[in-house]
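If you want the building blocks of each chain, they are given just below.
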Amino acid sequence: MPIVTPLTKMLGIRVPVIQGGMQWVGVPRLAAAVSEAGGLGILTALTQPNPNALRTAIRETRKLTSKPFGVNITLLPSINPPDYEGYARAAVEEGVKIFETAGNNPGPLIKYFKSQGCFVVHKCTTIRHAKSAERLGVDFLSIDGFECAGHPGEDDIGGLVLMARAAKELRVPFVASGGVADARGLAAALALGASGANMGTRFMCTVESPIHQNIKEKIVASTERDTVHIFRTLHNTARVYKNKVAMEVVSIERRGNAKFEDIKDLVSGARGRLVYEKGDPDIGIWSAGITMGLIDDIPTCDELLKRLEREVEEIVRGMNKMVITGESAAEGSVYAQAKL
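What you see is a predicted model; the values in this text were computed from it and never measured.

Enquirer: Explanation requested: the overall build of the protein in the structure shown.
Expert: Along its length, the protein carries 15 helices and 10 strands. Once the C-alpha set of the protein is aligned to its principal axes, its extents read approximately 70 × 50 × 40 Å. In the protein, which comprises 340 residues, the share counted as buried stands at 51%. For the protein, restricting intrachain contacts to residue pairs at least 6 apart in sequence, the fraction spanning at least 24 positions comes to 61%. When the accessible surface of the protein is split by element, carbon and sulfur atoms take 52% of a total near 16,000 Å². Between the centroid of the 41 positive side chains of the protein and the centroid of its 38 negative side chains there is a distance of 2 Å.

Enquirer: Teacher, can you tell me more about the sheet that holds strand 5 (residues 119-124) here?
Expert: Remark on secondary structure: sheet strands pair via backbone hydrogen bonds, oriented parallel or antiparallel. Ordered in space as 1-8-7-6-5-4-3-2, the eight strands form an open sheet in which the pairing is parallel. Bordering the open sheet on either side are strand 1 (17-19) and strand 2 (41-44), each of which pairs with just one other strand. Going from strand to strand, the sheet's axes swing by 30° on average, the running direction of each strand aside. Note: strand 2 against strand 3 (residues 69-75), four bridges, orientation parallel. Bridging across to strand 3, Leu43 finds its partner in Val71. Relative to strand 3, helix 3 (residues 51-64) is tilted by about 155°, and along the sheet it contacts strand 2 and strand 3.

Enquirer: Even after reading the chapter, I still don't get the side chain of Thr61, so can you show me in this structure?
Expert: Within the secondary structure, Thr61 is located in helix 3. Residue Thr61 is classed as buried on the basis of its relative accessible area, which comes to 0%. Discounting residues that sit within four places of it in the chain, Thr61 has contacts with Pro28, Ala32, Leu43 and Phe69.

Enquirer: Please explain the packing of aromatic side chains as it appears in this structure.
Expert: In this description, an aromatic ring pair is defined by two values, namely the gap between the centres and the angle between the planes. Within this structure, the stated rule accounts for six aromatic pairs. Arranged with centres 4.4 Å apart and planes meeting at 10°, the rings of Tyr241 and Trp286 form a pair that is stacked. Note that Tyr241 is positioned in strand 10 (residues 238-241) and Trp286 in the loop between helix 13 (269-278) and helix 14 (301-320), a separation of 45 residues in sequence. With respect to burial, Tyr241 and Trp286 carry one shared label: buried. Every member of this aromatic cluster is reached through a ring pair, and the members are Phe99, Tyr112 and Phe113. Sitting over the face of the ring of Phe146, Arg239 holds its NZ or CZ atom 5.2 Å from the ring centroid.

Enquirer: Honestly, the pattern of salt bridges in this entry has me stumped. Any pointers?
Expert: Pairing is possible between side chains that carry opposite charge, provided their charged atoms lie close to one another. Enumeration over the complete set of coordinates arrives at 15 salt bridges. Arg232 is paired through a salt bridge with Asp156; the nearest N and O atoms lie 2.8 Å apart. You can see Arg232 sitting in the loop between strand 9 (227-230) and strand 10 and its partner Asp156 sitting in the loop between strand 6 (140-144) and helix 7 (159-169), a full 76 residues away along the chain. We classify Asp156 as partly exposed; its relative accessible area is 32%. It is possible to trace a salt-bridge network through shared partners that takes in Arg55, Arg59, Glu93 and Glu94.

Enquirer: Honestly, the nonpolar core in this entry has me stumped. Any pointers?
Expert: A general trend in soluble globular proteins is that nonpolar side chains are found buried together. Of all hydrophobic cores here, the largest spans 38 residues; its most connected members are Ile58, Val71, Ile73, Phe99, Phe113, Leu141 and Ile143. If one sorts the elements of this core by residue count, helix 4 (residues 84-93) sits on top with five residues. When neighbours within four sequence positions are excluded, Phe99 is seen to be in contact with Val71, Ala91, Val92, Phe113, Cys118, Phe119, Val120 and Val121. Core analysis: the next-biggest nonpolar cluster, separate from the first, contains 34 residues, Leu30, Ala33, Met204 and Ala288 among them.

Enquirer: Honestly, helix 4 in this entry has me stumped. Any pointers?
Expert: Since there are 3.6 residues in each turn of an α-helix, residues three or four apart along the chain are aligned in direction. Judged by how many residues are buried, helix 4 sits mostly within the fold: seven of 10 residues are covered. Listing the buried residues of helix 4 in full gives Tyr84, Gly86, Tyr87, Ala88, Ala90, Ala91 and Val92. Packed against the buried residues of helix 4 are helix 3, strand 3, strand 4 (98-103) and helix 5 (107-115).

Enquirer: Explanation requested: a nonpolar patch on the surface in the structure shown.
Expert: A grouping of Ile157, Leu160 and Val161 is seen on the molecular surface, where their side chains present a nonpolar patch of about 280 Å² in accessible area. Of note, Ile157 is situated in the loop between strand 6 and helix 7. Overall, Ile157 belongs to the partly exposed group, its relative accessible area being 34%.

Enquirer: How do you make sense of unusual backbone geometry when you look at a structure like this?
Expert: Backbone phi values are negative for most residues with the exception of glycine, while trans is the configuration of most peptide bonds. Residues other than glycine seldom take positive phi values, yet Trp24 does so here, at roughly 70°. The residue Trp24 is located in the loop between strand 1 and helix 2 (28-36) in this model.

Enquirer: So what exactly am I meant to see when it comes to empty space enclosed by the protein here?
Expert: Empty space among the atoms becomes visible once a probe the size of a water molecule is rolled across them. Here the structure, examined in full by the defined rule, presents one cavity of 30 Å³ or more. In this structure, the largest cavity spans a volume of roughly 30 Å³. What lines the largest cavity is simply Ile18, Leu40, Ile42, Ile98, Phe99, Glu100 and Val121. Ranked by residues supplied to the lining of the largest cavity, first place goes to strand 4 with three residues.

Definitions and limits used
- Residues numbered from 1 in each chain as written.
- Predicted model: local features only at pLDDT ≥ 70, side-chain atom pairs only at ≥ 80, totals over all residues.
- Heavy atoms only, no water.
- Helix = DSSP H or I, 4+ residues; strand = E, 2+ residues; numbered from the N terminus.
- Buried < 20%, exposed > 50% of the residue type's maximum accessible area, 1.4 Å probe, protein only.
- Contact = heavy atoms within 4.5 Å.
- Areas by Shrake-Rupley, 256 points an atom, 1.4 Å probe, with all protein chains shown as cover.
- Lys, Arg positive; Asp, Glu negative; His and termini not counted.
- Charge placed at Lys NZ, Arg CZ, Asp CG, Glu CD.
- Pairing = 2+ DSSP bridges.
- Axes fitted to C-alpha atoms, helices over the stretch in contact; angles between N-to-C directions.
- Phe/Tyr/Trp six-rings, centres within 6.5 Å; stacked < 30°, edge-to-face > 60°.
- Lys NZ or Arg CZ within 6 Å of the ring centre and 35° of its normal.
- Salt bridge = Lys/Arg side-chain N within 4 Å of Asp/Glu carboxyl O.
- Core = buried A, V, L, I, M, F, W, Y, C linked by side-chain atoms within 4.5 Å.
- Patch = residues over 30% accessible without salt bridge, like charges linked within 9 Å, V, L, I, M, F, W, Y side chains within 5 Å.
- 1 Å grid on protein atoms, 1.4 Å probe; cavity = no way out; pocket = protein on both sides within 12 Å on 5 of 7 lines; lining within 4 Å.
- Points joined across faces, edges and corners; volume = space filled by probe spheres on them.

Right under this line is the structure:
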């Protein structure tokens, strides 16, 4: 039986799972595979060198799937900001109707997307930011817990508390982001009030993921203890794989008074991209979540999402057996007293 939530109904997908936007990873092959398998695939706009390249990527994705997919645009501090407006305009002109936004000052982008009749999912790491996004008119929120890869914010609040608060205080539906990689996590998110989950690291480790096989195998071999936070002292915290480069960055920050110039060569995006291309996990910085501790295989996206569907249903059926009413409840109480 399908899992029906506001996310599946509003986006016309079968499985309440979004493939998170990931730099160098959210490309046509992966996004199309996720959408074909029943989830929502996401192209990462800034993986493409310019808006015209994004147009090409969108067209390539459409050749691979006729099902819904979206585009991620993440606004991050930068000395030379990308052409965010150009990427947004290109995607809209290519007919994309679903957008995942994240980062600083998303208001202008959200306003533009809504003026074009688009569906917007905005990623937040705090409830106060989620409420601001509500006021901007987003359709869905992605609540990003401290467990996530990439940027978890500066408050260090885990998903359990964030989702419980989101369910109580937000007016628009939300998905859980960070810490979800299997059916137990998805079922828990649904129980906490989420309408689905956003998964990143788990989709990195699939057959269709564009990253080098060595990195996929490194994820499988790793545990939840194999990540570290960098940029803490710069107030732009990022969770990355704990390798030699990351630990060198941490060491520089611990000396005190570190500036971005002190570490910029170590954390350059070009070095991070080489990790995925060359398969050397120590050549640069690369994002990974603590869900590595839950990942022990490299399935196709179709195999992964079918397994999630099946196992979530089994978990929910099992939990339903915990609720006993009427005569069965009375009998259970008598039996328990007799045992005492």
